[in-house]
Amino acid sequence: LRREPELVAGDVRAGLVSEAGARDAYGVIAPGGVCEPAATERAREAIRAARLREGRLLLDLAAQAEPPAAERRRVSDTIAAAGGWLRCTVCGQALGADDADLLRTGLVRELPLSALGARFARCRTDYVLREHACPRCGTAFAADVEAATDGALEGARLRGGSA
């Protein structure tokens, strides 16, 4: 949802993504490859709201103190480490200790693979898309396809202490 809408609209014009794919994956409304900014913002807000409403919190973040002000070390475009904590780079929400498994932090939401679009409608129903997001702003930071009966895959962990 952070990709520039005009770039996604260009992908629609070039045939790299369908209008439905632009809407579902990027929250961009671009009929005929022309971005509609107001509709795009509404679509993106609806996706974030669904993540927050449907997600399950993996850690008790209320019990975690806000990390001290410190120089942040970027882990990815949506995760930074600072003062011993992982934080959302969009809103600053503490997600967990900086040595935590990334896939055991934030919110997790399970979706059928058909949520990826029409091309996935006939995929096996015993597999799910597990989407991991910030519990404050709904920014996604990981997604995996996994067997529905299995627990989440083990994610990456930082080593070497805090920033």
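The structure we're discussing is the one just above.
Heads up: these notes are all about the structure in this document. (Residues numbered from 1 in each chain as written. Predicted model: local features only at pLDDT ≥ 70, side-chain atom pairs only at ≥ 80, totals over all residues. Heavy atoms only, no water.)

**Some points on the pattern of salt bridges**
For the structure on display, the rule yields 13 salt bridges. The closest approach of N and O atoms between Arg51 and Glu131, which form a salt bridge, is 3.3 Å. Taken together, the residues Arg51 in helix 3 (residues 37-54) and Glu131 in strand 7 (residues 127-133) connect sequence positions 80 residues apart. When the shortest N-O distance is used, the salt bridge between Glu146 and Arg130 registers 2.3 Å. Taken together, the residues Glu146 in strand 8 (residues 140-147) and Arg130 in strand 7 connect sequence positions 16 residues apart. A single burial state applies to Glu146 and to Arg130, both of which are buried. (Salt bridge = Lys/Arg side-chain N within 4 Å of Asp/Glu carboxyl O. Helix = DSSP H or I, 4+ residues; strand = E, 2+ residues; numbered from the N terminus. Buried < 20%, exposed > 50% of the residue type's maximum accessible area, 1.4 Å probe, protein only.)

**Brief notes about the nonpolar core**
The biggest cluster of nonpolar side chains holds 9 residues, and these are Ile79, Ala81, Leu86, Cys88, Leu95, Leu102, Cys134, Cys137 and Phe141. Excluding anything up to four places from it in sequence, Cys134 contacts Leu52, Cys88, Cys91, Gln93, Leu95, Leu107, Thr139 and Phe141. Ranked by size, the runner-up nonpolar core spans 8 residues in total, among them Ala9, Val12, Ala22 and Cys35. (Core = buried A, V, L, I, M, F, W, Y, C linked by side-chain atoms within 4.5 Å. Contact = heavy atoms within 4.5 Å.)

**Focus: the sheet that holds strand 8**
Backbone-to-backbone hydrogen bonds pair the strands of a sheet. The strands run either parallel or antiparallel. The strand order across the open sheet built from 4 strands is 1-6-7-8, with neighbouring strands paired in antiparallel fashion. Strands at the two margins of the open sheet, each flanked by one partner only, are strand 1 (56-57) and strand 8. For strand 1 and strand 6 (residues 107-112), the ladder comprises 2 bridges, and the chain directions are antiparallel. Among the inter-strand pairings, Arg56 is bridged to a residue of strand 6, identified as Val108. Along the sheet, helix 3 contacts strand 1, strand 6, strand 7 and strand 8; its crossing angle with strand 6, the most-contacted strand, is approximately 105°. (Pairing = 2+ DSSP bridges. Axes fitted to C-alpha atoms, helices over the stretch in contact; angles between N-to-C directions.)

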